[in-house]
Amino acid sequence: MRLSRYFLPVLKETPAEAQIASHRLMLRAGMIKQASAGIYSWLPLGFKVLRKLENIVHEEQMRAGHIPMLMPTLQSADLWRESGRYDDYGEEMLRITDRHDRDMLYGPTNEELITDIFRSHVGSYKDLPLTLYHIQWKFRDEIRPRFGVMRGREFFMKDGYNFDLTKEDALHAYNRHLVSYLRTYERMGLQAIPMRADGGPIGGDYTHEFLVLAETGESEVFYDSEITDLRFGDREIDYDDVAQCQAVLEEFTSRYARTDETHDEAVFAQVPEERRRVARGIEVGQIFYFGTKYSEPMGATVQGPDGKPVPVHMGSHGIGVSRLVGAIIEASHDDKGIIWPEGVTPFHVGIVNLKQGDSEADAACEAIYKSIEALGLEPLYDDTDDRAGAKFATQDLIGLPWRITVGPRGLKNGVVELTCRRTGASEELPPEQAVEKVAKIYAAHHAAARAEPMAKRSFHTWL
């Protein structure tokens with residue numbers, strides 16, 4: 001992509017309404033534009049990041065054996081009356097009456113709708129276990145939407161639902177989701193800590209939130225510092241192996257880590273004082289087991305091995321995909337702008353031409369651009385007539401991890417400059433070596449995503 005042909009409406013000034021770093025930088029970098037309170041248009045750069053995160057979520061869900069589908073944004077109120085949640089959910093639910101006076105709602109979550117789909121088509125225990133999920137826009141009518149995409153009214157979310165014959169089977173599904181979430185967040189360059197949480201309006205006694213530590217987090221969190229040393233890494237995992245998944249859950253949840261709703265000062269006091277931490281966290285996902293809370297009132301039963309009807313055990317599991325964009329920026333930025341982790345960057349490398357119109361510089365940039373594309377990577381080539389300072393400021397603001405700078409002076413010596421956005425370190429290399437180094441960096445990230453067959457191709461390619 002050439003910057004002269006791209007739509008990137010960067011702002012020099014920080015909008016007055018932006019209170020936190022991610023909101024400021026997303027507006028300034030031309031990623032989003034507010035349409036109304038808590039509702040945003042996703043402009044090309046922001047949309048690319050959103051799609052990259054969505055793709056990682058799809059790959060890791062399918063790796064765990066979960067099946068993608070798509071449910072509508074609008075739901076019938078009748079289903080929510082069946083479960084008993086229609087009147088209980090509160091004013092965050094946007095209620096709508098259509099032209100035929102039918103009560104509808106803009107879905108904040110999908111437990112009722114997925115339970116109706118299940119009860120209509122599954123009747124035997126032989127069809128279990130089953131986990132269905134989708135990634136769809138949701139709406140919660142926040143009284144004070146703020147912090148940009150971190151607390152908007154409309155948001156993009158992955159929500160998955162497991163159906164199992166027994167509690168033991170459903171708890172394995174819970175553990176399987178925890179493992180898949182750890183992989184998902186690490187691929188995005190994040191450390192998201194599973195913390196014991198409150199079930200809220202979803203319900204359930206078993207629930208963990210995944211939180212990214214950040215000063216701007218909306219939740220106060222309490223944890224043992226040892227948990228921040230844990231990494232899932234590139235270990236192999238068999239999602240059908242109950243003991244393996246249980247061991248991962250125990251590894252990542254045995255140390256104290258709780259949100260303020262479930263914090264227990266007496267238990268926390270048992271953690272060695274030098275390891276006790278109190279901080280702020282951004283919630284980026286949550287997993288629930290809630291048994292037969294929805295299946296019993298809605299009649300979601302299967303014929304058991306003895307021929308008798310049995311209500312299925314269920315859980316729901318969410319990842320805030322659009323919120324993750326803001327969380328990544330909160331965790332990875334400096335005073336110049338965003339610093340994208342390699343796994344989620346909208347473009348893999350920026351190419352800056354210091355003297356547009358110079359035949360040698362133009363030719364070198366074109367060659368580098370084509371070489372990077374040939375590797376299956378996406379470069380963003382700044383071929384505008386802006387001054388060098390403005391080009392560097394834009395590159396720093398939008399946060400591409402790597403930049404190749406090409407100018408007449410360097411080319412006379414046969415070199416270009418390769419710069420790491422995170423460290424600011426630069427080195428001069430011949431153009432072909434700079435391209436080769438970028439290729440090796442991203443090959444390592446792509447290798448991690450190809451650990452199992454289902455993740456070898458993007459979700460959109462599978463479609």
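This text gives an overview of the structure that appears in the document. (Residues numbered from 1 in each chain as written. Predicted model: local features only at pLDDT ≥ 70, side-chain atom pairs only at ≥ 80, totals over all residues. Heavy atoms only, no water.)

**So, unusual backbone geometry**
The test is simple: By the criteria applied, helices consist of DSSP H or I runs no shorter than four residues and strands consist of E runs no shorter than two, each listed in order from the N terminus. Throughout this description, buried means an accessible area under 20% of the type-specific maximum (1.4 Å probe, protein chains only), exposed means over 50%, and partly exposed covers the range between.
Each neighbour pair has its own omega, and for L128 with P129 the value is 0°, a cis peptide bond. For P129, the position within the fold is in the loop between α4 (111–121) and β7 (130–139). We note that D101 has phi near 60°; this positive angle belongs to a residue other than glycine. Summarising the element assignment, D101 is placed in the loop between β5 (94–97) and β6 (103–106). The exposure class assigned to D101 is exposed, which follows from its relative accessible area of 64%. Phi at F147 is positive, roughly 65°, even though this residue is not glycine.

**Notes on the environment of N353**
Put simply, the rule reads: By definition in these notes, contact holds between two residues if any of their heavy atoms fall within 4.5 Å. The definition of a polar contact used here is a pair of N or O atoms within 3.5 Å, where within protein one atom must be able to donate a hydrogen and the other to accept one, and adjacent residues in sequence count solely through side-chain atom pairs.
Counting through the fold element by element, N353 comes out in strand β19 (residues 349–353). C-alpha of N353 to C-alpha of L130: the two residues are 223 residues apart in sequence and 53 Å apart in space. Beyond its immediate stretch of four places on either side in the chain, N353 contacts A361, D362, C365, Y381, D382, K391 and V406. In this structure the side chain of N353 is engaged in a polar contact, spanning 3.0 Å, whose partner is the backbone nitrogen of K355. A polar contact of 3.2 Å, which involves the side chain of N353, links it to the side chain of Y381.

**Some thoughts on the packing of helix α1 (residues 21–28) against helix α9 (residues 321–331)**
Heads up, the rule is: In this description, a line fitted to the C-alpha atoms serves as the axis of each element, helices being fitted only across the stretch in contact, and the angle between N-to-C directions of two axes falls anywhere from 0 to 180 degrees. Angle categories are assigned with fixed cut-offs, so that under 35 degrees is roughly parallel, over 145 is roughly antiparallel, 65 to 115 is roughly perpendicular, and the rest are oblique.
In contact at an axis separation of 8 Å, α1 and α9 are set at 105° when each is read in the N-to-C sense. Comparing their axes, α9 and α1 come out roughly perpendicular. Residues A21, S22, L25 and M26 of α1 form the contact with α9, whose own contacting residues are V325, G326, I329 and E330.

**Here's the deal with the packing of aromatic side chains**
To be explicit about the condition: Aromatic pairs are defined between Phe, Tyr and Trp rings, using the six-membered ring for Trp, whenever the two ring centres lie within 6.5 Å; interplanar angles under 30 degrees are classed as stacked, those over 60 as edge-to-face, and all others as tilted. Here, over-ring charges are defined by two tests on the NZ atom of lysine or the CZ atom of arginine: distance to the ring centre within 6 Å, and angle to the ring normal within 35 degrees.
Counted by the stated rule, this structure contains 14 aromatic pairs. With 6.1 Å between their ring centres and 80° between their planes, Y181 and Y185 make a pair best called edge-to-face. On the criterion of helical spacing, the pair formed by Y181 and Y185 is a turn pair, its members being four residues apart in helix α5 (residues 167–187). The two residues Y181 and Y185 agree in class, both being buried. Consider the rings of Y185 and F210, whose centres lie 5.6 Å apart with planes at 40°: the pair is tilted. Taken together, the positions of Y185 in helix α5 and F210 in strand β10 (residues 206–213) put the pair 25 residues apart, joining distant regions of the chain. Taken together, the ring pairs in this structure connect Y174, Y206 and Y289 into an aromatic cluster. For K48, the ring lying beneath its charged end belongs to F347, and the centroid distance is 4.8 Å.

**A short note on the pairing of strand β2 (residues 39–42)**
For a regular strand, the rule is simple: side chains alternate between the two faces of the sheet. Short version of the rule: Strands qualify as paired when DSSP identifies two bridges or more between them.
Relative to β2, strand β1 (residues 32–36) runs antiparallel, the two sharing four bridges. Within the sheet, the bridge partner assigned to I32 lies in β2 and is W42. Between β1 and β2, which pair antiparallel in sequence order, lie two residues; one of them, G38, sits at a positive phi of approximately 75°.

**Describing the pairing of strand β21 (residues 402–406)**
With respect to burial, β21 is a largely interior element, five of its five residues being buried. Alternating residues of β21 divide into W402, I404 and V406 and R403 and T405, and every residue in both groups is buried. Bridge analysis of β19 against β21 gives four bridges, and the strand direction is parallel. Across the sheet, residue V352 finds its bridge partner in β21, namely T405. Note that β21 and strand β22 (residues 416–420) share four bridges and pair antiparallel. Each residue of the ladder has a partner; that of R403, found in β22, is T419.

**Concerning the sheet that holds strand β4 (residues 74–76)**
Across the sheet, three strands lie side by side as β4-β6-β5; this open sheet has antiparallel pairing. Whereas interior strands pair on both sides, the edge strands pair on one side only; in this sheet they are β4 and β5. Averaged over all neighbouring strand pairs, the angle between strand axes comes to 35°, with direction disregarded. Pairing geometry for β4 and β6, over three bridges, is antiparallel. From the neighbouring strand, S76 faces β6, where its bridge partner is M104.

**Observations regarding the sheet that holds strand β20 (residues 379–382)**
With mixed pairing, five strands are arranged side by side in an open sheet as β20-β19-β21-β22-β23. A single partner strand is all that each edge strand has here, and the edge strands are β20 and β23 (426–429). Neighbouring strand axes in the sheet, compared pairwise and without regard to direction, differ in orientation by 20° on average. Relative to β23, β22 runs antiparallel, the two being bridged by four bridges. Within the sheet, the bridge partner assigned to V416 lies in β23 and is L429. Strands β19, β20, β21 and β22 of the sheet are contacted by helix α10 (residues 359–374), whose axis makes an angle of about 170° with β19.

**Considering the environment of S254**
Among the secondary structure elements, S254 is positioned in the loop between α6 (242–253) and β12 (257–259). Along the backbone, S254 and F288 are 34 residues apart, and their C-alpha atoms lie at a distance of 18 Å. Among the polar contacts listed, one links the side chain of S254 to the backbone oxygen of E250, at a separation of 2.9 Å.

These figures come from the coordinates and say nothing about function on their own.
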